[in-house]
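Geometric and topological summary
Residues per chain, in single letters:
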Amino acid sequence: VTTDPLELLPLGSARLSHGLPVDARSGYFQSADGKALMLFVRPHAPTSDYRADRRLIDAAAALALRLGARVPRDGRFHGGARPLGPSGEAGGAERSEITVGFTGACAFWMYYQNWLHRDMQLSTVLSGIAVLVLFGIFFRAVRALPLVALPLVVGIVWTAAAAELLYGRVNAVSLAFGTILVSIGIDVPIQLYNRLREELLGKPPLEALATTVRVLAGPSLTATLAPAAVFFACALSSYRGLGELGVLAGIGLILNWLAMLTLFPALLARLPSTWWARPAHVSRTGGLLGR
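Residues numbered from 1 in each chain as written. Predicted model: local features only at pLDDT ≥ 70, side-chain atom pairs only at ≥ 80, totals over all residues. Heavy atoms only, no water.

**Digging into helix α7 (residues 205–233)**
Compared with an ideal rise of 1.5 Å per residue, which puts 29 residues at 42 Å, α7 spans 41 Å between its outermost C-alpha atoms and is within 8% of the ideal. Along its length, α7 shows its largest kink, about 45°, at Ala 217, and proline Pro 219 lies within four residues downstream of that point. Within α7, the full set of buried residues consists of Ala 208, Leu 209, Thr 211, Thr 212, Leu 216, Ser 220, Thr 224, Ala 228 and Phe 231. On its buried side, α7 packs onto α5 (177–185), α6 (187–199) and α8 (240–270). (Helix = DSSP H or I, 4+ residues; strand = E, 2+ residues; numbered from the N terminus. Expected span 1.5 Å × (residues − 1). Bend = angle between axes of the 7 residues up to and from the residue. Buried < 20%, exposed > 50% of the residue type's maximum accessible area, 1.4 Å probe, protein only. Contact = heavy atoms within 4.5 Å.)

Structure (structure tokens):
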């Protein structure tokens, strides 16, 4: 804008001037009717620095509030001035309310970052509910759902801690690791619980539990490392969000496997066996499913 290769600044200055000389090079722009003023601010920090953007906008909003303006909390501009009373409440006639809003790269970056955060958190919650409901329906073991949900949550928390240690903050795209962990990580408890019910056909509860963990530890680790290796390959991407997502998803799958092989059987062992020791039904060899 300040270089003005098309020599548009004089035209812009003439159009924006209204009772006050406007120097278009100063960053001071006023609408023709005098009811709107736009200030252009160039931050020192890069736009991608979310925390710096937040500090800048929060500080500007606090200053505007201190000077008597209104800053909508929803981030949207609400037109129209309302007279304020001496105490700042609407209804008086002492002064007109000024509404302050933010736009531009910093505001857009923060808006989309927050939007993605909300979406990823919602998708993780919905995925968790969906897989737990399916688990309960297929195994007819509603009482076991909290025992499955707790290790899943622990795996996500451990992965979030790893993200803080590795990156300090998580890219909005990288938050998809939560949905990935819930969707793929549920496979381990499915295999464990299915094998446990088979072992219960001929063994007492604790022995069946120990046999299940011992027999499936190696195969489940192999099955976990395969998709983890695929996700780790995403770390080669030059796109930061995808690279972080790959690393966190790979680490998360391994941590989820660790939680499932330790916390899940430990919870079962601590609870009364009548709560979970239900052997599998012997399936019939005939019928459509048998064929």
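**A look at a nonpolar patch on the surface**
A contiguous nonpolar surface patch, about 790 Å² in accessible area, is contributed by Leu 122, Val 125, Leu 126, Ile 129, Val 133, Leu 134, Ile 137 and Phe 138. Inspection of the secondary structure assignment puts Ile 137 in helix α3 (residues 105–139). (Patch = residues over 30% accessible without salt bridge, like charges linked within 9 Å, V, L, I, M, F, W, Y side chains within 5 Å. Areas by Shrake-Rupley, 256 points an atom, 1.4 Å probe, with all protein chains shown as cover. Salt bridge = Lys/Arg side-chain N within 4 Å of Asp/Glu carboxyl O.)

**Looking at the pattern of salt bridges**
Within the structure shown, the criterion is met by four salt bridges. Measuring nitrogen to oxygen at the nearest pair gives 2.8 Å for the salt bridge that ties Arg 240 to Glu 244. Highlighted residues: Arg 240 and Glu 244, both in helix α8, separated by four residues, approximately one helical turn. Overlapping salt bridges bring together Arg 195, Glu 199 and Lys 203 as one network.

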